[in-house]
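Below, each chain spelled out in residue letters.
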Amino acid sequence: QVQLVESGGGLVQAGGSLRLSCAASGGTFNNYAVGWFRQAPGKEREFVAGIGGRTIYSDSAKGRFTISVDNSNNLMFLQMTRLESEDTAIYFCARRPNGLLYTTSSAWPYWGQGTQVTVAS
């Protein structure tokens, strides 16, 4: 079973950038839909970005975040720019059991443990 581990979170000033990484072991990203979600305190987990035959972003991520995959090294990235205080959350990477991309978190069986991103205003 694939295991996912995120890294790269931290504290950043508003307007700054961060790059999150997600490493897969026991499986790959190749030919599977992959994505990033986030969960702020007191809120539900929400879709941020995903790749699965197409690339889609949430409205809040569009134009600021970029998702990418390095299949050779089983790595996935989320480059985040122009960060805002509203981006503060725990960020999770996830993988689907096939190539079909969904934005609902319940459709994703494989998750990392999450990495905290805090944007100071």
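Above this text you will find the structure in question.
### Side note on the overall build of the protein chain
Now for step 1: Tallying secondary structure elements over the protein chain gives zero helices and eleven strands in all.
Now for step 2: Seen in sequence order, the protein chain has helices and strands lined up from the N terminus as β-β-β-β-β-β-β-β-β-β-β.
Now for step 3: At 13 Å, the protein chain has a C-alpha radius of gyration in line with the 14 Å of a compact globule built from 121 residues.
Now for step 4: For the protein chain, the spread of C-alpha atoms along the three principal axes comes to 40 × 25 × 25 Å.
Now for step 5: Relative to its 121 residues, the protein chain shows a buried fraction of 41%.

### Things to note about the pattern of salt bridges
Now for step 1: Under the defined criterion, the tally for this structure stands at four salt bridges.
Now for step 2: Between Arg38 and Glu46 there is a salt bridge whose closest N-O contact spans 2.6 Å.
Now for step 3: Between Asp87 and Arg38 there is a salt bridge whose closest N-O contact spans 2.9 Å. One end of the pair, Asp87, is in the loop between strand E8 (75–80) and strand E9 (89–95); the other, Arg38, is in strand E4 (residues 34–39), with 49 residues separating them in the sequence. For the pair formed by Asp87 and Arg38, the shared burial category is buried.

### Let's talk about the nonpolar core
The nonpolar side chains of a soluble globular protein tend to be buried, and buried together.
Now for step 1: Counting 25 residues, the largest nonpolar core has Trp36, Val48, Phe65, Met76, Leu78, Met80 and Tyr91 as its most contacted members.
Now for step 2: Sorting the residues of this core by element identifies strand E3 (18–25), E4, strand E5 (46–51), strand E7 (65–70), E8, E9 and strand E11 (115–120) as the ones contributing at least two each.
Now for step 3: Here this core gets four residues from one element, more than from any other, and that element is E3.
Now for step 4: Filtering out sequence-adjacent residues up to four positions away, Val48 remains in contact with Trp36, Phe37, Arg38, Ile56, Tyr57, Ser58, Ala61, Phe65, Leu78 and Tyr91.
Now for step 5: Ala33, Phe37, Phe47 and Leu101 belong to the second-largest nonpolar core, a separate cluster that totals eight residues.

### Thoughts on unusual backbone geometry
Now for step 1: Even without glycine at this site, Asn31 takes up a positive phi of about 70°.
Now for step 2: Relative to the helices and strands, Asn31 resides in the loop between E3 and E4.
Now for step 3: With phi around 55°, Asn74 is a residue other than glycine that occupies positive phi space.
Now for step 4: Its place among the elements puts Asn74 in the loop between E7 and E8.

What counts and what doesn't
- Residues numbered from 1 in each chain as written.
- Predicted model: local features only at pLDDT ≥ 70, side-chain atom pairs only at ≥ 80, totals over all residues.
- Heavy atoms only, no water.
- Helix = DSSP H or I, 4+ residues; strand = E, 2+ residues; numbered from the N terminus.
- Rg over C-alpha atoms; globule rule 2.2 N^0.38 Å.
- Buried < 20%, exposed > 50% of the residue type's maximum accessible area, 1.4 Å probe, protein only.
- Salt bridge = Lys/Arg side-chain N within 4 Å of Asp/Glu carboxyl O.
- Core = buried A, V, L, I, M, F, W, Y, C linked by side-chain atoms within 4.5 Å.
- Contact = heavy atoms within 4.5 Å.

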